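Remarks on the overall topology
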Amino acid sequence: MAKPDPLAAKLSSDAYLGFDFGNKKIGVAVGYADTGIASPLQTIRSLNQVPDWIIIGKLITEWRPIGLVVGISRQQDGSDNIITPRMQKFCRQLNGRYNLPVHQIDEALTTFAAKQLLYDDLKVSAGKLWAVQDQLAAQLILQSWFDR
């Protein structure tokens, strides 16, 4: 079976970027509506709790998504937690900067699930875990949005 051409994938018109927002870093994933499959892409560090808009802009330019998906964290009862307003602000900023639809989805335990998969199941070291857990969480967020 031939491998898909990564350049052709970037030219696809149905790409979505998924984000796992955090104060210190933001995980990013990419996926396509036609396949319904998400893949981890990158972890972006924030500086003083400010997203690195230059890197995010480069990803938007490179992948040309038709929409963005952001995981939103809430309490178990559905009420906001301490980071929910910052996540919603991030959504508004994405929409304002890139004029793309931003879809929000409950991210309940995605970072925990990513850590468990990487550390317990795949035996990734704690040092490497820190670097990739957020992009895997972004993949889980985007994949769950596709699966809805």
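Residues numbered from 1 in each chain as written. Predicted model: local features only at pLDDT ≥ 70, side-chain atom pairs only at ≥ 80, totals over all residues. Heavy atoms only, no water.

With an unreviewed UniProt entry as reference, the protein is termed Putative pre-16S rRNA nuclease, source organism Methylomonas lenta. Quoted verbatim from the Subcellular location (unreviewed entry) heading of the UniProt record, the comment on the protein is "Cytoplasm". Recorded under Function (unreviewed entry), the UniProt text for the protein is reproduced unchanged: "Could be a nuclease involved in processing of the 5'-end of pre-16S rRNA." (UniProt positions renumbered as here; feature names shortened; annotations may be inferred.)

Our focus in this paragraph is the overall build of the protein. Secondary structure summary: the protein contains five helices and five strands in total. Here the protein holds 148 residues, and 43% of them are scored as buried. Pairs at least 24 residues apart make up 61% of the contacts formed inside the protein by residues separated by at least 6 positions. Total accessible area on the protein stands at roughly 8,500 Å², and carbon and sulfur atoms take up 56% of it. (Helix = DSSP H or I, 4+ residues; strand = E, 2+ residues; numbered from the N terminus. Buried < 20%, exposed > 50% of the residue type's maximum accessible area, 1.4 Å probe, protein only. Contact = heavy atoms within 4.5 Å. Areas by Shrake-Rupley, 256 points an atom, 1.4 Å probe, with all protein chains shown as cover.)

Bringing the pattern of salt bridges into the picture now. Taken as a whole and assessed by the stated rule, the structure comprises two salt bridges. Here Asp134 makes a salt bridge to Lys25, at a shortest N to O gap of 2.6 Å. Within this pair, whereas Asp134 is found in helix α5 (residues 126–147), its partner Lys25 is found in strand β2 (residues 25–32), the two being separated by 109 residues in sequence. Like Lys25, Asp134 is buried. In this structure, Arg74 and Asp80 form a salt bridge, with 2.5 Å as the shortest nitrogen-oxygen distance. (Salt bridge = Lys/Arg side-chain N within 4 Å of Asp/Glu carboxyl O.)

Now for unusual backbone geometry. For Arg64, which is not a glycine, the phi torsion comes out positive at approximately 45 degrees. Residue position: Arg64 is located in the loop between α2 (53–63) and β4 (67–72).

Going through the model one piece at a time under the given rule, you end up with seven aromatic pairs. Ring geometry for Tyr16 versus Trp145: centroids 4.9 Å apart, planes at 50 degrees, classification tilted. Separated by 129 residues along the polypeptide, Tyr16 in strand β1 (residues 15–20) and Trp145 in helix α5 bring together distant segments of the chain. There is no split in this pair, since Tyr16 and Trp145 are both buried. When the ring of Trp145 is compared with that of Phe146, the centres are 5.8 Å apart and the planes differ by 50 degrees; the resulting orientation is tilted. Residue classification places Trp145 among the buried positions, given a relative accessible area of 15%. Taken together through their ring pairs, the aromatic side chains of Phe19, Phe21, Trp53, Phe90 and Tyr98 make up a single cluster. (Phe/Tyr/Trp six-rings, centres within 6.5 Å; stacked < 30°, edge-to-face > 60°.)

What follows is about α2. Those residues of α2 lying buried are Trp53, Ile56, Gly57, Leu59, Ile60 and Trp63. Viewed along the axis of α2, the buried residues span an arc of 160 degrees, placing them on a single side of the element. Structural note: α2 exposes Ile54, Lys58 and Thr61 on the side pointing more than 90 degrees away from its buried face. N-capping of α2 is provided by Asp52, with a side-chain oxygen placed 3.2 Å from the backbone N of Ile54. One or two positions beyond α2, positive phi appears at Arg64, with a value near 45 degrees. (Arc of directions from axis to C-beta. Polar contact = N/O pair within 3.5 Å; in protein donor to acceptor, adjacent residues only side chain to side chain.)

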